[in-house]
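Inside the fold
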Amino acid sequence: MDTVTLDGIDRGLIHALRIDGRVQFRAAAEVLGVSESTVARRYRRLRSSGLLRVVGVVNGVRLGRTSWALRVQCTPDAADAIASALAARPDTSYVYLLSGGTEVSCNVQTPNTAERDALLLDKLPRTGRVTSVSAHLLLRATALPGNWAGAASLTEEQVSMLRPPAALPVTAETVTLDEQDQAMLEILTRDGRTGYSELAMVTRSAESTVKRRVDALRRAGVLTFTIDIAPSALGCPIEARLWMSVRPSQLADVATRMAEHPEVSFAAMTTGPSNLVAAVNCRDAEDLCRYLTERVAVLDTIDSIETAPVIRTLKRAGALVLPPR
């Protein structure tokens, strides 16, 4: 990844894209007080440098899938290969090497129990270099990467000018995708700003049809657009995963309170002895230490906590993270 120094316009654009990944450059320019050509040029610079990309994120729950947080303990010589294999799967996201290179962590969406069991009971344990596998069903998220405060730089008034139409209230009914939807989503998960003309060509549909379908999937809560950017680019190079055991009676309250911390980009209640998982981003090791001892420590209903630093990121919300150029 090329070295890029972010200024106020860059950070404002990043925040605008976090609010709506497909925001028109004209609308972003109006909010930022610059020309449309300036916004387009800044986006191309950030995109071509490898620092930022916009990706379409599919909410598997709306499609009847279940989401799991997976932890794979393995020998150091196997960790990289296992992490790479998991990152190459289309059903994984947020694939990391943790804890000195002896643990792989990722999120997995599975359409049924057969797919889940095939991964957990067959594919991963085949090698003796995997020492343990644990899977935590993600029950309810209280903080998501797309809303992380570390990417914020706009005022509330500016945010309100850019906010896309809200999704419809979630119902128990699942959404069914056809082949054209699948083809369209496959492209958008790689580049969320792919034009309607290209989507129409791939799906062999009219542009107006593609636009209506994208809008419908967004309103149904199936499709969202977010930025895929390393926290280090925003001044937070120290990342860690926190696995916490919280008293059940206070679990929802602690999960909600942690979501309010600016260091937290993801928090979710889970099954298992560690029933709350969080992702935190800090400026340096001392900042992480202060967060654990001052911010988390006051939540006295947390009975235990395990902190696993991120050693390497292989995949975030979108496609594989490319190595530095």
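As a starting point, this report considers the structure included with it. Source: prediction; values computed, not measured.

1. What about the sheet that holds strand E3 (residues 92-98)?
- Strand order around the closed barrel formed by 8 strands is E2-E4-E3-E10-E7-E9-E8-E5, with antiparallel pairing between neighbours. Going across the sheet, the axis of each strand differs from the next one's by a mean of 35°, ignoring polarity.
- Relative to strand E10 (residues 302-315), E3 runs antiparallel, the two sharing 4 bridges. Note on E10: the bridge partner recorded for Tyr96 is Thr313.
- Running over the sheet, helix H10 (residues 251-259) touches strand E5 (130-143), strand E7 (238-246), strand E8 (264-270), strand E9 (276-282) and E10 and is turned about 15° from E9.
- Running at roughly 20° to E7, helix H11 (residues 285-296) makes contact with E7, E8, E9 and E10 of the sheet.

2. Some thoughts on the pattern of salt bridges
- Tallying each qualifying case throughout the model produces 20 salt bridges.
- Salt bridges here are not isolated pairs; linked through shared partners, they connect Asp7, Asp10, Arg42 and Arg45.

3. Digging into the packing of helix H2 (residues 25-32) against helix H3 (residues 36-48)
- Interhelical geometry of H2 versus H3 gives an angle of 110° and a closest axis separation of 8 Å. The orientation of H2 with respect to H3, classified from their angle, is roughly perpendicular. Packed against H2, whose contacting residues are Phe25, Arg26, Ala28, Ala29 and Leu32, the element H3 presents Glu36, Val39, Ala40 and Tyr43 at the interface.

4. Considering the nonpolar core
- In this structure, Ile14, Leu17, Leu46, Leu51, Leu52, Ile227 and Ile229 are the most contacted members of the largest nonpolar core, which totals 46 residues.
- When residues in this core are grouped by element, the largest group, 5 residues, is from helix H1 (residues 8-19).
- If we skip the residues at most four places from it in the chain, Leu46 touches Val4, Leu6, Asp10, Leu13, Ile14, Leu51 and Leu52.
- Counting residues in each nonpolar core, the second largest holds 21 residues, with Met244, Ala255, Cys282 and Leu288 among its members.

5. Thoughts on the packing of H1 against H3
- Viewed as axis vectors pointing N to C, H1 and H3 meet at an angle of 85°, and their least axial separation amounts to 10 Å. Our classification of the angle between H1 and H3 gives roughly perpendicular. Of H3, the residues touching H1 (which contributes Ile9, Asp10, Leu13, Ile14 and Leu17) are Val39, Arg42, Tyr43, Arg45 and Leu46.
- The residue makeup of the contact of H1 with H3, split by class, is 7 nonpolar, no polar and 3 charged.

6. Details of H11
- Taking 1.5 Å as the rise per residue, H11 with 12 residues should run 16 Å; its terminal C-alpha atoms sit 15 Å apart, in good agreement.
- Those residues of H11 not exposed but buried are Asp287, Leu288, Tyr291 and Val296. Down the axis of H11, the sector holding all buried residues measures 100°, keeping them to one side.
- The inward-facing, buried residues of H11 contact E7, H10, E8, E9 and E10.
- Measuring from the side-chain oxygen of the N-cap residue of H11 to the backbone nitrogen of Glu286 gives 3.2 Å; that N-cap residue is Asp284.

7. What to know about the packing of aromatic side chains
- All told, the structure shown has 1 aromatic pair when counted by the stated rule.
- Over the aromatic face of Tyr196 sits the side chain of Arg22, whose NZ or CZ is 4.6 Å from the ring centroid.
- Above the face of the Tyr96 ring, Arg241 is positioned so that its terminal group lies 4.2 Å from the ring centre.

8. Some words on the pairing of strand E6 (residues 223-229)
- For E6, the tally of buried residues reaches 6 of 7 residues, placing the bulk of the element in the interior.
- Of the pairings in the sheet, the one linking strand E1 (residues 52-58) to E6 comprises 7 bridges and is antiparallel in character. In the strand pairing of E6, Val55 is matched with Thr226.

9. Overview of unusual backbone geometry
- A positive phi angle, close to 50°, is found at Ser99, a residue other than glycine.
- By the element assignment, Ser99 lies in the loop between E3 and strand E4 (103-110).
- Note on Ser99: relative accessible area 27%, which makes it partly exposed.
- One non-glycine residue, Arg204, adopts positive backbone phi at about 55°.
- Tracing the sequence through the fold places Arg204 in the loop between helix H8 (196-203) and helix H9 (207-219).

Conventions adopted
- Residues numbered from 1 in each chain as written.
- Predicted model: local features only at pLDDT ≥ 70, side-chain atom pairs only at ≥ 80, totals over all residues.
- Heavy atoms only, no water.
- Pairing = 2+ DSSP bridges.
- Helix = DSSP H or I, 4+ residues; strand = E, 2+ residues; numbered from the N terminus.
- Axes fitted to C-alpha atoms, helices over the stretch in contact; angles between N-to-C directions.
- Contact = heavy atoms within 4.5 Å.
- Salt bridge = Lys/Arg side-chain N within 4 Å of Asp/Glu carboxyl O.
- Parallel < 35°, antiparallel > 145°, perpendicular 65-115°, else oblique.
- Core = buried A, V, L, I, M, F, W, Y, C linked by side-chain atoms within 4.5 Å.
- Buried < 20%, exposed > 50% of the residue type's maximum accessible area, 1.4 Å probe, protein only.
- Nonpolar A, V, L, I, M, F, W, Y, C, P; charged D, E, K, R; others polar.
- Expected span 1.5 Å × (residues − 1).
- Arc of directions from axis to C-beta.
- Polar contact = N/O pair within 3.5 Å; in protein donor to acceptor, adjacent residues only side chain to side chain.
- Phe/Tyr/Trp six-rings, centres within 6.5 Å; stacked < 30°, edge-to-face > 60°.
- Lys NZ or Arg CZ within 6 Å of the ring centre and 35° of its normal.

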